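Take a look at the letters that make up each chain.
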Amino acid sequence: MKILNSSLLILLFLSIIACNSSSSNADSVESVEATKTADGQHKAIIKEVLQTSVYTYLLVEENSNSYWVACNRQEFSVDQIVYFEEGLAMENFESKELSRTFDLVYFLNEVAFDPVSLNASAGTSPTPHGMIKEAVKKEIKVEKAAGGISLGELFANPTGFKGQKVTIRGEVVKYNEAIMGKNWVHIQDGSGTGESFDLTVTTADIVKLGDVVTFEGTINLNKDFGAGYVYEVIMEEAKLIANI
């Protein structure tokens, strides 16, 4: 019995050491989860503000727990009280503009100064980085690439192109750089019907708004990256083969 008790004490001691030596990221995630109110919102005070051309990074404190959050660029001040809902946790996220890597940062869909305005958008899916918003069809007419397909052809028969490498040309209507290790491009060519006219492309290549680009990449369907990043049709690991 003494041997058994000693073994249990050793296991308990090791468990305590393991918990204390766990990664700070994991601890932060658990702490942030624990601070949520009954309705799933967070209320925090801003301790530091870092601005870039696209995003605002905030060091916030909530129930004595400090962590970083980020949202689309907005004006904030130290000591302001802010409200927000759960975002997308990104570990070891590098901001090239700040020349800084965050051990852990939560990308948020919205940061509000009172719970009422935040509640007004309740029920919508979280869209970190402002990447997933309702697309607006542009007045664009782009001829499809030689040997390629149009967006209209893709959206008319997406299952027929699933897993296939295709070539598509379109105009860049939206561009987000360096998110989850890749650049996110939205292109349109003027074809397509209803809500199916805008294609999301992930790539390592850099483009800018208004470019007419030709990409070659693999078509995937119903891709869910979590936290609201859901795409019925997406081109992944695309290579930029022309930019005019």
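Residues numbered from 1 in each chain as written. Predicted model: local features only at pLDDT ≥ 70, side-chain atom pairs only at ≥ 80, totals over all residues. Heavy atoms only, no water.

On to the overall build of the protein. When its secondary structure is counted, the protein shows 5 helices and 12 strands. Counting only residues that meet the buried cut, the protein has 39% of its 244 residues in that class. Taken as a whole, the protein presents about 13300 Å² of accessible surface, with 52% of it coming from carbon and sulfur. (Helix = DSSP H or I, 4+ residues; strand = E, 2+ residues; numbered from the N terminus. Buried < 20%, exposed > 50% of the residue type's maximum accessible area, 1.4 Å probe, protein only. Areas by Shrake-Rupley, 256 points an atom, 1.4 Å probe, with all protein chains shown as cover.)

Among soluble globular proteins, nonpolar side chains are generally buried collectively. By size, the foremost hydrophobic cluster in this structure holds 21 residues, and its most contacted members are I168, L199 and M235. Looking at this core, the elements with two or more residues in it are helix 4 (151–156), strand 8 (165–179), strand 9 (182–188), strand 10 (199–203), strand 11 (212–224) and strand 12 (230–243). Residue contacts for I168: discarding those within four places in its chain leaves I149, L151, L154, I187, L199, V213, T214, F215 and M235. In terms of nonpolar packing, the next biggest core, distinct from the first, is built from 17 residues, Y57, W68, M90 and V105 among them. (Core = buried A, V, L, I, M, F, W, Y, C linked by side-chain atoms within 4.5 Å. Contact = heavy atoms within 4.5 Å.)

The next subject is the packing of aromatic side chains. Under the defined criterion, the tally for this structure stands at 9 aromatic pairs. With a centroid separation of 6.4 Å and 85° between ring planes, the pair formed by Y55 and Y57 is classed as edge-to-face. Of the two residues, Y55 and Y57, both sit in the buried class. Every member of this aromatic cluster is reached through a ring pair, and the members are Y55, Y57, W68, F93, F102 and F107. (Phe/Tyr/Trp six-rings, centres within 6.5 Å; stacked < 30°, edge-to-face > 60°.)

In this section: the environment of G152. As for its placement among the helices and strands, G152 is situated in helix 4. When the C-alpha atoms of G152 and D198 are compared, they prove to be 9.6 Å apart, with 46 residues separating the residues in sequence.

The next point concerns the pairing of strand 2 (residues 55–62). Within strand 2, 7 of the 8 residues are buried, which leaves it mostly tucked inside the rest of the structure. Bridge count between strand 1 (residues 42–51) and strand 2: 6 bridges; the pairing is antiparallel. Directly across from Q51, in strand 2, lies its bridge partner T56. A loop of 3 residues connects strand 1 with strand 2, the two strands running antiparallel in sequence. Bridge count for strand 2 against strand 3 (residues 65–72) is 8 bridges, and the pairing is antiparallel. Bridge pairing links T56 to C71 in strand 3. In this structure, the hairpin formed by strand 2 and strand 3 is closed by a connection of 2 residues, where N63 is found at a positive phi of approximately 50°. (Pairing = 2+ DSSP bridges.)

Moving on to the side chain of T52. Within the secondary structure layout, T52 lies in the loop between strand 1 and strand 2. When near neighbours in sequence (up to four residues on either side) are disregarded, T52 contacts Y57, R73, S95, E97 and L98.

Let us now look at unusual backbone geometry. Here the phi dihedral of S64 falls at roughly 70°; this positive angle occurs in a residue that is not glycine. With respect to the secondary-structure elements, S64 resides in the loop between strand 2 and strand 3.

What follows deals with the side chain of T56. Assignment of secondary structure puts T56 in strand 2. A residue is classified by how much of its surface remains accessible, and T56, at 0% relative accessible area, is buried. Polar contacts involving the side chain of T56 include one to the main-chain amide nitrogen of Q74, which spans 2.9 Å. Once residues lying within four places of it in the same chain are set aside, the contact partners of T56 are V49, L50, Q51, V69, A70, C71, N72, R73, Q74 and F76. (Polar contact = N/O pair within 3.5 Å; in protein donor to acceptor, adjacent residues only side chain to side chain.)

Read around the closed barrel, 5 strands run 8-9-10-12-11, paired in mixed fashion. On average, each strand axis in the sheet is tilted by 50° relative to the strand beside it, whichever way the strands run. Direction of pairing for strand 11 relative to strand 12: antiparallel, over a ladder of 10 bridges. From the neighbouring strand, T214 faces strand 12, where its bridge partner is A242. (Axes fitted to C-alpha atoms, helices over the stretch in contact; angles between N-to-C directions.)

Right, let's get into the pattern of salt bridges. Applying the stated criterion across every chain, the model contains 4 salt bridges. Here E75 and R73 are joined by a salt bridge, their closest N and O atoms 3.9 Å apart. According to the relative accessible area criterion, E75 is exposed, its value standing at 57%. A salt bridge links E153 to K144, with the nearest nitrogen and oxygen atoms 3.1 Å apart. Classification of E153 as partly exposed rests on a relative accessible area of 34%. Judged by relative accessible area, which is 40%, K144 ranks as partly exposed. (Salt bridge = Lys/Arg side-chain N within 4 Å of Asp/Glu carboxyl O.)

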